[in-house]
Amino acid sequence: MDWTKAKNILIAALLVTNIVLLGAYVLRETRRADADNDATLRRILTEYNVFLETEMPRQPAPMAVLYVQPETEDGARVEKALEEQKPISNASREAMLDAANDILESCGFITENTKSPAQFETDGEKTLIRYRNIFDDIPIEESYIICTIEGGRVAALNRKWYTPLELHDKKGEIIGPTEALMQLLPEKPEEETIIIRGMELVYRVDPDRPGGESPVGDTALPAWKITDSKGSVVYIAAYAQ
């Protein structure tokens, strides 16, 4: 037996084992530190009367910006589709959704990014069916289609839409959800209580940014969308500084 070769193999095996054990230890300690930091941030939020009534999202992976194309509305096409529609057979959600989908199909508004089933909202005698714009399982804000059902028909269609083009080739780190919530505190009145009912990661074209909502093309950046119990929405830029 070549004892020198065997010894070298044994040393190499021990080195690999030590590296694996060290990596596991570092990963465990990192996760423990992250958990401690998250617990501390949650405690601070509670002290400032910020409470969560929703599941905390997971820490996202790095993300690239999304290039989008704003869509212009074809009013004549929408008006024609509304005029030629068939009456809704009954007041069930299924019948109303079928009618709304038929309108969208005739206008060419159903794409792979049109989220269905849609969200239903009641506004007096009106029913609003809201469709979301989804790219790679992430919503594009503030992009939507709203069909208003009234009097047994689709009475109106409102649309603000961004067509996804492509992702940038570079990705950036995303802040965690708890860190995003912490950014609510500087603007919050001390005694005000905020109850968070919804929190999700989205792409967003900021209309206040120079060049935002350009008719030629634009950039949607990752953002945390935070919705409170009053229905108020706040967007927090998600890229880590």
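A quick note: this is a predicted structure, and the numbers were derived from the prediction, not measured.

K.L.:
Kindly report on the pattern of salt bridges, identifying the contributing residues and their values.
P.N.:
Enumeration according to the criterion identifies 8 salt bridges in this entry. Among the salt bridges present, the one from Arg130 reaches Glu121, with a minimum N-O distance of 3.2 Å. A salt bridge links Arg132 to Glu141; the nearest nitrogen and oxygen atoms lie 2.8 Å apart. Here the salt bridges share partners, and the residues they tie into one network are Arg132, Glu141, Glu200 and Lys225.

K.L.:
Before we move on, could you go through the packing of aromatic side chains and cite the residues and values that matter?
P.N.:
On inspection of all chains with the given rule, the structure shows 1 aromatic pair. A cation sits over an aromatic face here: Arg130 above Tyr144, 5.8 Å from the ring centre. A cation over an aromatic ring shows up here: Arg159 above the ring of Phe109, its NZ or CZ 3.9 Å from the ring centre.

K.L.:
Which residues make up unusual backbone geometry, and what are the values?
P.N.:
Put simply, Glu141 and Glu142 share a cis peptide bond, and its omega is -15 degrees. For Glu142, the location among the structural elements is in strand β5 (residues 138-150). For Asp136, which is not glycine, the phi dihedral falls at a positive 55 degrees. Among the secondary structure elements, Asp136 is positioned in the loop between β4 (126-135) and β5. By relative accessible area, which is 57% here, Asp136 ends up exposed. In this structure, Asp137 is a non-glycine residue whose phi angle is positive, near 70 degrees.

Criteria and cut-off values
Residues numbered from 1 in each chain as written. Predicted model: local features only at pLDDT ≥ 70, side-chain atom pairs only at ≥ 80, totals over all residues. Heavy atoms only, no water. Salt bridge = Lys/Arg side-chain N within 4 Å of Asp/Glu carboxyl O. Phe/Tyr/Trp six-rings, centres within 6.5 Å; stacked < 30°, edge-to-face > 60°. Lys NZ or Arg CZ within 6 Å of the ring centre and 35° of its normal. Helix = DSSP H or I, 4+ residues; strand = E, 2+ residues; numbered from the N terminus. Buried < 20%, exposed > 50% of the residue type's maximum accessible area, 1.4 Å probe, protein only.

Geometric values such as these leave the question of function open.
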